[in-house]
Amino acid sequence: GNTQAISIPADCIISDEIDRSSAHILSQYTSRLTHSPYKLRRNFSTPTVDGFGIADKMTTSRRFKNLCKCEFCNHDFVPDYFNDVKIPGFDDELKSITKQMLGWIRWKEARLLCPKCGKSPSLLPEYRRWVQENLEDQHDAAGYYVSPFDAPLLITPSSLIKASTEYKRHSEFVNQNLGLTAQDSEDVLTKDDLEKSLVYTNLK
């Protein structure tokens, strides 16, 4: 609440899930760092849509992604669920997979493949390195994109495929499981939606 946000001085403010927090309250915390010699701020969140919350803060950050170096061909790439995860015998888009389809496709054999040589590279830390994507920017803040492929011993391609069938909306899977911004058409307010919400009444 407002009172708590302006009552305690701090050296470091850590805000979690900022996309689901009050932007007003988050801004109130800034004054708590005024007299600190450190003035540390750490923001974490599952992203939702472009231009909002953590995605907006990333636009004014030195942005880092965790590259993988394929040990077979030395190709550097950022693992991508939709482009690099492959299911044997399945050539359609991963987005098209439904819960009913899990009964006849080989989703448990899904693997992440190198986009250059087609082999399955290791995603362990010794084959990874953080690389800044906007080298010419000199922002004070540093932002790090964390993906499910950064925890390969806990999150497998097959578990992601199964998870993709558990959500009512595809955008929720992309947000919650892939850590990317996304929105479905039903998430967007159209002009028609706004006009339908107008109430015309006599104010006298």
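The rules behind these values
- The residue numbering used here restarts from 1 in each chain and proceeds along that chain's sequence as written.
- The predicted origin of the model limits local features to residues at a pLDDT of at least 70 and limits the giving and counting of side-chain atom pairs to 80 or more, whereas totals for whole chains, interfaces and linings rest on all residues.
- Where side-chain values are given, they derive from all heavy atoms of the structure, hydrogens and water being excluded.
- Secondary structure elements follow DSSP: runs of H or I no shorter than four residues count as helices, runs of E no shorter than two count as strands, and numbering proceeds from the N terminus.
- Relative accessibility decides the category of a residue: with a 1.4 Å probe and only protein chains considered, values under 20% of the type maximum give buried, values over 50% give exposed, and everything between is partly exposed.
- Any pair of residues with heavy atoms lying within 4.5 Å of one another is described as a contacting pair.
- Take the buried residues of types Ala, Val, Leu, Ile, Met, Phe, Trp, Tyr and Cys, join any two whose side-chain atoms come within 4.5 Å, and each joined set is a nonpolar core.

Peer 1: Before we go on, may I ask you to explain unusual backbone geometry in this structure?
Peer 2: The phi angle of most residues is negative, glycine excepted, and most peptide bonds adopt the trans form. Phi is positive for Lys39, which is not a glycine, with a value near 50°. If you trace the backbone, Lys39 turns up in the loop between helix H2 (23-28) and strand E2 (40-43).

Peer 1: Where do I start with helix H6 (residues 170-178) in this structure?
Peer 2: Each α-helix turn comprises 3.6 residues. Residues three or four places apart therefore point the same way. Ser171, Phe173, Val174, Asn175 and Leu178 are the residues of H6 that are buried. Looking at the packing, one finds that the buried side of H6 touches helix H4 (81-84) and helix H5 (157-164). Where H6 terminates, the next one or two residues include Gly179, which has phi positive at roughly 70°.

Peer 1: Could you clarify how one ought to interpret H5 in this entry?
Peer 2: Counting buried residues along H5, six of its eight residues qualify, which places the element largely inside the surrounding structure. For H5, the complete set of buried residues consists of Pro157, Ser158, Leu160, Ile161, Ala163 and Ser164. In the core, the buried residues of H5 are packed alongside H4, strand E5 (85-86), strand E6 (111-112) and H6.

Peer 1: Before we go on, may I ask you to explain the nonpolar core in this structure?
Peer 2: The nonpolar side chains of a soluble globular protein tend to be buried, and buried together. Ranked by internal contacts, the top residues of the largest apolar core, which has 24 residues, are Tyr81, Val85, Ile87, Ile97 and Ile161. Among the secondary structure elements, those contributing two or more residues to this core are H5 and H6.

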